[in-house]
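# Notes for the structure review
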Amino acid sequence: MEGEEHTVCGSITLEEWNGLLIESTMYGDEFSKLLYLRQGFPDSVTPDYVGFQLWDTLQGLSTYIKMMLSTQALLSAIGVGEKSATVIGATFQWFLRDFTGMLGGILFTFYQGSNLDSNAKMWRLVADLMNDIGMLMDLLSPLFPSAFIIVVCLGSLSRSFTGVASGATRAALTQHFALQENAADISAKEGSQETMATMMGMSLGMLLARFTSGNPLAIWFSFLSLTVFHMYANYRAVRCLVLNSLNFERNSILLAHFMQTGQVLSPEQVSSMEGVLPMWATSTNSNALHKRVHLGVKVSSLPRPDIMQLLNGVGASSHKNAKYLLAHRKGNVSVILHKDSTAGDVLKSYIHAIVMANLMEKSTSFYSEGEAWMDKHYDEFLNKLRSGGWKTERLLCPSITWRANWISHTSDAKID
């Protein structure tokens, strides 16, 4: 009809649901996803998360299976089940064991705590190796009754290193995995995964302990086989990690490649190139650039000729009023940081030192060439790092204790 207006109202279907409520259509896989996977998975975590968690779960499973064998041997050595054993004696032995472990954890934190974040992959492997050594000590304890206390205390000391290193590296990796500020959710779900692995491992360990009881050959074969698998799983787990933070080695690899090609490697490429084993476990690449640079050097620890170089202005970097000094000796570069240097200055000083260490092999005028390289390429290098997905806010390194103060003049430099 003319003059009439027709209004068509669309219908809206509104559905409200609770992700923690198990409806009739939510079974098995969906429930497991709620318990063990993060909210928004897989977009809420980095791509390397799944591979790492798979191998990490397998290594945790083997650990708890082994733990039942070592615990059985330890309890046997203490005297559980023997009429001659006393409660006070067993309590005192257990106290010494735990006390040694606590003391070892404190000392390890004091000496290595600041180094764990910058070498998370290496310390992750070392932590599990020390855990295996601790279990081995427990398994050996019945064989040395006269030295029982010493053996179990060494085992506890070894496991204390594991607790500190594993916890610290786990925190660093959790921050790496979290793409949506969801570190707490990741940590909570990892706790659920570890609990499940623990229950399965303990159950299988009880069965294994029952079947191998009274058969030393079967016990040792099972323990050593599980230990080999445990270390293999750990190695595969850390090899899955693709970290995009800058530490000494990754920075060295990136810079050496950039100086040769003008291109920046991706985190995936660098991950396959960097080492994950401790320095004492490998003899390869002993002349790597990052091993020739010493960051945060104490001025008074330098040889007198190096100090004279600094006082005469040789090695005093003037690159854009940088707050660091560089000194060289026998192919090594020492970096002295100013008391007011920031995280950006620390990263810049390390890059400058790597450049200088690289140029030492090719030229005698490496100081001036290093300054020229920093003027021309430093900003370009950082920009390409950022566009390649690298974090350039800071350099992951041990805590820098020693800094210095100096006043630069036209013809010399004074260090206080």
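These numbers were taken from a predicted model, which means no experiment stands behind them.

So, how was this worked out
Residues numbered from 1 in each chain as written. Predicted model: local features only at pLDDT ≥ 70, side-chain atom pairs only at ≥ 80, totals over all residues. Heavy atoms only, no water. Helix = DSSP H or I, 4+ residues; strand = E, 2+ residues; numbered from the N terminus. Buried < 20%, exposed > 50% of the residue type's maximum accessible area, 1.4 Å probe, protein only. Contact = heavy atoms within 4.5 Å. Core = buried A, V, L, I, M, F, W, Y, C linked by side-chain atoms within 4.5 Å. Polar contact = N/O pair within 3.5 Å; in protein donor to acceptor, adjacent residues only side chain to side chain. Pairing = 2+ DSSP bridges. Axes fitted to C-alpha atoms, helices over the stretch in contact; angles between N-to-C directions. Patch = residues over 30% accessible without salt bridge, like charges linked within 9 Å, V, L, I, M, F, W, Y side chains within 5 Å. Areas by Shrake-Rupley, 256 points an atom, 1.4 Å probe, with all protein chains shown as cover. Salt bridge = Lys/Arg side-chain N within 4 Å of Asp/Glu carboxyl O. Phe/Tyr/Trp six-rings, centres within 6.5 Å; stacked < 30°, edge-to-face > 60°. Lys NZ or Arg CZ within 6 Å of the ring centre and 35° of its normal. Parallel < 35°, antiparallel > 145°, perpendicular 65-115°, else oblique. Left-handed = near helix turned anticlockwise from the far one by under 90°. Nonpolar A, V, L, I, M, F, W, Y, C, P; charged D, E, K, R; others polar.

Okay, the overall build of the chain next. Within the chain, the regular secondary structure consists of 12 helices and five strands. Counting the 416 residues in the chain, one finds 43% classified as buried. When contacts within the chain are restricted to residue pairs at least 6 apart in sequence, long-range pairs at least 24 apart make up 76% of them.

All right, on to the nonpolar core then. Counting residues in each nonpolar core, the largest one holds 39 residues, and the members touching the most others are Leu-254, Ile-351 and Phe-381. Listing elements by their share of this core, those giving two or more residues are α8 (248-261), β1 (293-295), β2 (324-329), β3 (332-337), α11 (343-360) and α12 (366-387). A per-element tally of this core places α11 first, with 11 residues. The residues touching Phe-381, leaving out its near neighbours within four places in the chain, are Asn-251, Leu-254, Leu-255, Phe-258, Val-264, Ile-351 and Trp-373. Membership of the second largest hydrophobic core comes to 14 residues, among which are Phe-52, Trp-55, Ile-186 and Leu-241.

Here Thr-71 is to be found in helix α2 (residues 49-78). A distance of 2.7 Å separates a polar side-chain atom of Thr-71 from the backbone oxygen of Met-67.

A separate point is the sheet that holds β2. In any sheet, the strands associate via hydrogen bonds between backbone groups, in a parallel or an antiparallel arrangement. Within the open sheet, the three strands sit side by side as β1-β3-β2. Their pairing is mixed. Strand pairing shows two members of the sheet lacking a second neighbour, β1 and β2, which therefore form its edges. In this sheet, neighbouring strand axes are inclined to one another by 20° on average, regardless of whether the strands run parallel or antiparallel.

Right, let's get into the pairing of β3. Counting buried positions over the six residues of β3 gives five, a clear majority of the element. Direction of pairing for β1 relative to β3: parallel, over a ladder of three bridges. If you follow Leu-295 over to β3, its bridge partner there is Val-335. Direction of pairing for β2 relative to β3: antiparallel, over a ladder of six bridges. Residue pairing in the sheet places Arg-329 in a bridge with Asn-332 of β3. Here β2 hands over to β3 after two residues, with Lys-330 in that stretch at a positive phi of 55°.

Right, let's get into a nonpolar patch on the surface. On the surface, Phe-92, Phe-95, Phe-99, Leu-103, Leu-107, Phe-110 and Tyr-111 cluster together into a nonpolar patch covering about 830 Å² of accessible area. Mapped onto the elements, Phe-99 comes out in helix α3 (residues 87-112). Judged by its relative accessible area of 46%, Phe-99 is partly exposed.

Geometrically, a pair of aromatic rings is defined through the distance of the ring centres and the angle of the planes. Applying the stated criterion across every chain yields a total of 12 aromatic pairs. When the ring of Trp-220 is compared with that of Phe-223, the centres are 6.3 Å apart and the planes differ by 75°; the resulting orientation is edge-to-face. Separated by three residues within a single helix, Trp-220 and Phe-223 lie in helix α7 (residues 216-240), roughly one turn from each other. Looking at Lys-348, its charged tip hangs above the ring of Tyr-378, at a distance of 5.5 Å from the centre.

Glancing now at the side chain of Arg-292. For Arg-292, the location among the structural elements is in the loop between α9 (267-273) and β1. Among the residues examined, Arg-292 registers a relative accessible area of 8% and is labelled buried. Polar side-chain contacts of Arg-292 include one of 2.9 Å to the backbone oxygen of Ala-357.

What follows covers the packing of helix α5 (residues 148-177) against helix α6 (residues 183-212). At a minimum axis distance of 9 Å, the contact between α5 and α6 shows a crossing angle of 125°. It follows that α5 is oblique to α6 by the angle criterion. Here the hand of the crossing between α5 and α6 comes out right-handed. Every residue of α6 that contacts α5 at Arg-170, Thr-174, Gln-175 and Phe-177 is listed here: Ala-183, Ile-186, Ser-187 and Glu-190. When its residues are assigned to classes, the contact of α5 with α6 shows three nonpolar, three polar and two charged.

Looking now at the environment of Asp-132. Assignment of secondary structure puts Asp-132 in helix α4 (residues 120-140). For the pair formed by Asp-132 and Thr-63, sequence separation is 69 residues and the distance between their alpha carbons is 8.2 Å. Apart from residues lying up to four places away in sequence, Asp-132 is in contact with Lys-66, Phe-223, Thr-227, His-230 and Met-231. A distance of 2.9 Å separates a polar atom in the side chain of Asp-132 from a polar atom in the side chain of His-230.

Looking now at the pattern of salt bridges. Applying the stated rule across the entire model yields 10 salt bridges. The residue Lys-66 makes a salt bridge to Asp-132 at a minimum N-O spacing of 2.3 Å. Residue Lys-66 is located in helix α2, and its partner Asp-132 is located in helix α4; the two are separated by 66 residues in the primary sequence. For Lys-66, a relative accessible area of 0% puts it in the buried group. Its salt-bridge partner being Arg-159, residue Asp-138 comes within 2.9 Å of it at the nearest N-O pair. Of this pair, Asp-138 sits in helix α4 while Arg-159 sits in helix α5, placing them 21 residues apart in sequence. This pair shows no difference in class: Asp-138 is buried, exactly as Arg-159 is. Shared partners join several salt bridges into a network, and the residues in it are Arg-97, Asp-98, Asp-138 and Arg-159.

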